[in-house]
Amino acid sequence: MPRALASPRCVWDAGAELGEGTLWSQREQALYWLDILTPRLFRYHPATGARRTWRFREEITAIAERASAPGLVLTLRRGFAFFDPATAPEDAEAAPAYLHQPEPERGANRFNDGKCDARGRFWAGSMDFDCKAPTGALYRYDADGRCTRHDDGFEVTNGPTWSADGRTMYFNNTVLGTLYAYDFDMAAGTVANRRAWHRFPPGDGLPDGMTTDAAGRLWIAHWDGACVSCHDPASAAELCRIALPAANVTDCAFGGPDLCTLYISTARNGRSAAQLASEPLAGGLFAVHIDSPGLPAAPFAG
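Residues numbered from 1 in each chain as written. Predicted model: local features only at pLDDT ≥ 70, side-chain atom pairs only at ≥ 80, totals over all residues. Heavy atoms only, no water.

Turning our eyes to something else, we now look at the overall build of the protein. Scanning the protein from N- to C-terminus turns up one helix and 25 strands. Projected onto the principal axes, the alpha-carbon positions of the protein cover approximately 45 × 45 × 40 Å. When contacts within the protein are restricted to residue pairs at least 6 apart in sequence, those whose partners lie at least 24 apart make up 49%. Here the protein displays about 11,600 Å² of accessible surface, and carbon together with sulfur accounts for 50% of that area. Considering the protein, the positive charge centre built from 29 side chains and the negative charge centre built from 36 side chains are found 1 Å apart. (Helix = DSSP H or I, 4+ residues; strand = E, 2+ residues; numbered from the N terminus. Contact = heavy atoms within 4.5 Å. Areas by Shrake-Rupley, 256 points an atom, 1.4 Å probe, with all protein chains shown as cover. Lys, Arg positive; Asp, Glu negative; His and termini not counted. Charge placed at Lys NZ, Arg CZ, Asp CG, Glu CD.)

Written out as structure tokens, the structure reads:
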């Protein structure tokens, strides 16, 4: 059974309205994360404690490193773009040029979570901005600029993450409290046979962002559940959980030189003034050492 070797500690009290998008950069040995609603991109370098922040003109919702060029691929409100933090000033609002906007007819939507598969294709989900209408979809954006819609009909999308063998993709509809599994064809970059893999019970929050460790176990953030839980990839049985001092836990990613530090983002959004008074670190970035490693994040092929 995996276990935390200490309690989570807040490494950046950023006060994020909607902290999300945790990404460990292997080449920079730094943790990127973001606040969708303010909107800001953060970079934390644990070896030195250095912190950097970039502001954006519109929502920034998910990020991945580029394999063959500097910087990041990211999703903004309407679609996909490139951004290089190394050349971008921190004292100006960033407005990257869109590479592709796949939903011109869905004006009430925005993009949300996303990650790259092992072949470097960026999978990202859209969602209803009000978290009510089932207008969100699942897309695959390729290095050659092609964008393909693979599923549809979600209120709020989060994930994806993959099984250790790459044959299953996990993706969730947060509003319904349901995590789905798909058969994943790595060669073709396609999904099939969507089925419910796990449902959060009432009172345990809602499934948000997630990641996979080197043993194939899933680590899932609980929105309004104040924890991250670890699950068996086949049975979905809970193996352990890590409590956080903030109710809205949003995403997690393994990082550090040995990939044994789990970084966890949280949010202030949706909490009352009284609730926030009892959660002063809500919206912060947390770190906790785990006794088994995660996997490096796959970079975007472009």
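Okay, the side chain of Glu 279 next. Positionally, Glu 279 belongs in the loop between helix 1 (273-277) and strand 25 (285-289). Overall, Glu 279 belongs to the buried group, its relative accessible area being 8%. (Buried < 20%, exposed > 50% of the residue type's maximum accessible area, 1.4 Å probe, protein only.)

It is worth spelling out the nonpolar core at this point. Ranked by internal contacts, the top residues of the largest apolar core, which has 19 residues, are Leu 41, Phe 56, Ile 60, Ile 63, Leu 74 and Phe 83. Those elements that place two or more of their residues in this core are strand 3 (30-35), strand 5 (50-56), strand 6 (60-65), strand 7 (72-76) and strand 8 (80-83). Those residues in contact with Leu 41, other than ones at most four positions away along the chain, are Tyr 32, Trp 33, Leu 34, Arg 52, Thr 53, Trp 54, Phe 56, Ile 60, Ile 63, Leu 72, Phe 83 and Pro 85. (Core = buried A, V, L, I, M, F, W, Y, C linked by side-chain atoms within 4.5 Å.)

This next bit is on the pattern of salt bridges. Counting across every chain of the model gives 23 salt bridges. Linking Arg 52 and Glu 90 is a salt bridge whose minimum nitrogen-to-oxygen distance equals 2.7 Å. Note that Arg 52 is positioned in strand 5 and Glu 90 in the loop between strand 8 and strand 9 (93-94), a separation of 38 residues in sequence. The exposure class assigned to Arg 52 is partly exposed, which follows from its relative accessible area of 29%. Taking the shortest distance from any N to any O, the salt bridge between Arg 57 and Glu 93 comes out at 3.7 Å. With Arg 57 in the loop between strand 5 and strand 6 and Glu 93 in strand 9, this residue pair connects regions lying 36 residues apart in the sequence. The exposed category is assigned to Arg 57, whose relative accessible area is 57%. For Glu 93, a relative accessible area of 48% corresponds to the partly exposed category. Overlapping salt bridges, with partners in common, bring together Glu 103, Glu 105, Arg 106, Arg 149 and Asp 152 in one network. (Salt bridge = Lys/Arg side-chain N within 4 Å of Asp/Glu carboxyl O.)

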